Amino acid sequence: MSAVAATEYAAPHADLHLVALTEAQLADREMYRWMTWFGMPSLVAALFMAVALGTGQMLWVGGAVAGVISAVGTLIWLSLSTCTNE
């Protein structure tokens, strides 16, 4: 009998289960979330302020103010959405 015509076929069975994250992994994930979401508006505000001081044109300060306002809004959102009970 050939291998192709074999009638004894066993379907593969995968034993899948969820792996819980450790506290250190959860803390790292939260740290990177804060650094990404709060860091970007702060970086934008710093860049606009650097351009304003470098060129001497105060028009660029508006971008810095908008960056600070968005950073404050992001800080509020991050503070409210952080779960410290896990």
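A brief structural summary. (Residues numbered from 1 in each chain as written. Predicted model: local features only at pLDDT ≥ 70, side-chain atom pairs only at ≥ 80, totals over all residues. Heavy atoms only, no water.)

### Points about the pattern of salt bridges
Right, on to step 1. Counted according to the given criterion, the structure contains one salt bridge.
Right, on to step 2. Across the pair Glu30 and Arg33 runs a salt bridge whose closest N-O atoms are separated by 2.9 Å. Taken together, the positions of Glu30 and Arg33, both in helix H1 (residues 23-55) and three residues apart, correspond to about one turn of that helix. (Salt bridge = Lys/Arg side-chain N within 4 Å of Asp/Glu carboxyl O. Helix = DSSP H or I, 4+ residues; strand = E, 2+ residues; numbered from the N terminus.)

### Considerations on the packing of aromatic side chains
Right, on to step 1. Under the criterion given, the structure shown has two aromatic pairs.
Right, on to step 2. Arranged with centres 5.3 Å apart and planes meeting at 70°, the rings of Trp37 and Trp77 form a pair that is edge-to-face. Of the two residues, Trp37 sits in helix H1 while Trp77 sits in helix H2 (residues 61-81), which places them 40 residues apart along the sequence.
Right, on to step 3. Judged by its relative accessible area of 41%, Trp77 falls in the partly exposed class.
Right, on to step 4. The aromatic ring of Trp77 is capped on one face by Arg33, whose charged end is 5.5 Å from the ring centroid. (Phe/Tyr/Trp six-rings, centres within 6.5 Å; stacked < 30°, edge-to-face > 60°. Buried < 20%, exposed > 50% of the residue type's maximum accessible area, 1.4 Å probe, protein only. Lys NZ or Arg CZ within 6 Å of the ring centre and 35° of its normal.)

### What about a nonpolar patch on the surface?
Right, on to step 1. A grouping of Val68, Val72, Ile76 and Leu80 is seen on the molecular surface, where their side chains present a nonpolar patch of about 390 Å² in accessible area.
Right, on to step 2. Along the chain, the position of Val68 falls in helix H2. (Patch = residues over 30% accessible without salt bridge, like charges linked within 9 Å, V, L, I, M, F, W, Y side chains within 5 Å. Areas by Shrake-Rupley, 256 points an atom, 1.4 Å probe, with all protein chains shown as cover.)

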